[in-house]
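Listed here are the chains, written in short residue letters.
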Amino acid sequence: MEFLRPTTWAEALAAKADQPDAVPLQGGTDVMVEINFSVRRPPALLDLTAVPELATWSGDGDRYRIGAAVPYSTIIAELGGALPGLAQAARTVGSPQIRNRGSVGGNLGAASPAGDSHPPLLAAGAAVEVESRERGVRTIPAEEFYLGVKRSALLPDELIKAVHVQPAAGPQYFAKVGTRNAMVIAVCSFAVALHPAERRVGTGLGSAAPTPRRALEAEEFLAAELDWSAPLEPALLARFAELCASAAAPIDDVRGTADYRRHAIAVLARRTLTWAWQDHLERRAA
Ligand SMILES: Cc1cc2nc3c(=O)[nH]c(=O)nc-3n(C[C@H](O)[C@H](O)[C@H](O)COP(=O)(O)OP(=O)(O)OC[C@H]3O[C@@H](n4cnc5c(N)ncnc54)[C@H](O)[C@@H]3O)c2cc1C
């Protein structure tokens, strides 16, 4: 197996263009497991850990740009205020060791329906910045990025450079059901992001369909029915939960049945919206 180690972004793009079957390596917390268990044996590994610009984030009042290699531990320590949904999801990933190595870029690269960063990115309306040597930069909205189980819109000669997310305009929550509290792949997960100025609520479902996805009907329902100055009506909350569950298209597997997943999505949707709404009303009252 060849081992390529570019030290600049231009070199990394050139290596991927010349050898599209080279597998990018960021934190390695997915790639190395797959190699160790002989799930894949790529002809070449493209180690991106020496490309400095991937490891930094920047942000202002309008937009945050998180380099593909920024680890979960940095997101937790430095971005919890601006991007609370993503930071909450990051806190649930693996163990401290995995959070020190694993990155949102790697989560996107793997495009697993169970990846924890996907629901908050969908709920917040994030976009993925990818680049190739031949065609330059493309910015792909998160909802167009996931195409199938572990399949994304990334083309063979492209690399993920960063993810762009607007700072939270309102309360955000992420919740996950697993067979235990830590070191577990989500049975299902859910994220909610309030956008009070737009009178809109964003959603993201994880591990509940072939791809992470938004519950669009549920979002449209809230946009039409919510009174942003009043407590949540129980009937409205119940209908929101029901529409989120019906947006799921889960499977039965060793971690849970499709029925359980649908039920759990409804519970998480109700729970996270309740938390977010409480924060929203408290902020209005303050
Ligand atoms: C013990 C353990 C626990 C885990 N727990 C969780 C969990 O709770 N939640 C969760 O979501 N995940 C979990 N994971 C999976 C993994 O940690 C995450 O998916 C992590 O985000 C991967 O990031 P990485 O930087 O290590 O990616 P890598 O392993 O380096 O890469 C992952 C994939 O992305 C591709 N890739 C990486 N960088 C780029 C790039 N710049 N451009 C294009 N493609 C790229 C790689 O080729 C590969 O296909 C766990 C893994 C382990 C081993």
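So, here's what we can say about the structure. (Residues numbered from 1 in each chain as written. Predicted model: local features only at pLDDT ≥ 70, side-chain atom pairs only at ≥ 80, totals over all residues. Heavy atoms only, no water.)

## Digging into the site of the ligand
Argument step 1. Close to the ligand lie 33 residues, the nearest being Pro 24, Thr 29, Asp 30, Tyr 72 and Ser 103.
Argument step 2. At a separation of 2.6 Å, an oxygen atom of the ligand approaches a polar side-chain atom of Asp 30.
Argument step 3. In this structure, an oxygen atom belonging to the ligand sits 3.2 Å away from a main-chain N or O atom of Gly 106.
Argument step 4. Here the ligand has 990 Å² of accessible area as a free molecule, and 88% of this is covered by the chains.
Argument step 5. Residue assignment for the shell around the ligand shows that the elements contributing at least two residues are strand E2 (23–25), helix H2 (31–36), helix H5 (96–101), helix H6 (104–110) and strand E10 (159–165).
Argument step 6. Looking at the shell around the ligand, the element that brings in the most residues is H6, giving four residues.
Argument step 7. Residues belonging to the shell around the ligand are distributed by class as follows: 16 nonpolar, 12 polar and five charged. (Near = heavy atom within 4 Å. Polar contact = N/O pair within 3.5 Å; in protein donor to acceptor, adjacent residues only side chain to side chain. Areas by Shrake-Rupley, 256 points an atom, 1.4 Å probe, with all protein chains shown as cover. Helix = DSSP H or I, 4+ residues; strand = E, 2+ residues; numbered from the N terminus. Nonpolar A, V, L, I, M, F, W, Y, C, P; charged D, E, K, R; others polar.)

## Topic: the pattern of salt bridges
Argument step 1. Per the counting criterion, the structure on display carries 17 salt bridges.
Argument step 2. The salt bridge involving Glu 198 is made with Arg 200; its shortest N-O contact spans 2.9 Å.
Argument step 3. What makes Glu 198 partly exposed here is its relative accessible area of 48%.
Argument step 4. Across the pair Arg 214 and Glu 219 runs a salt bridge, and its minimum N-O distance is 2.6 Å.
Argument step 5. When salt bridges that share partners are traced, they join Arg 135, Arg 138, Asp 157 and Glu 158 into one network. (Salt bridge = Lys/Arg side-chain N within 4 Å of Asp/Glu carboxyl O. Buried < 20%, exposed > 50% of the residue type's maximum accessible area, 1.4 Å probe, protein only.)

## Comments concerning unusual backbone geometry
Argument step 1. Phi angles above zero are rare outside glycine, and Ala 111 is one such case at about 50°.
Argument step 2. One can find Ala 111 in the loop between H6 and helix H7 (118–124).
Argument step 3. Despite not being glycine, Arg 199 has its phi angle at roughly 55°, a positive value.
Argument step 4. Tracing the backbone shows Arg 199 in the loop between strand E12 (188–195) and strand E13 (200–206).

## Side note on the pairing of strand E7 (residues 136–141)
Argument step 1. Relative to E7, strand E6 (residues 127–132) runs antiparallel, the two sharing six bridges. Looking at E7, one finds that Ala 127 is bridged to Pro 141. (Pairing = 2+ DSSP bridges.)

## Thoughts on the packing of aromatic side chains
Argument step 1. Under the definition given, this model contains five aromatic pairs.
Argument step 2. Taken together, a centroid distance of 5.6 Å and an interplanar angle of 90° make the contact between Phe 145 and Tyr 146 edge-to-face. (Phe/Tyr/Trp six-rings, centres within 6.5 Å; stacked < 30°, edge-to-face > 60°.)

## Some details on the environment of Ala 208
Argument step 1. Position of Ala 208 among the secondary structure elements: in the loop between E13 and helix H9 (216–225).
Argument step 2. Considered as a pair, Ala 208 and Lys 161 are 47 residues apart in the sequence and their alpha carbons are 27 Å apart.

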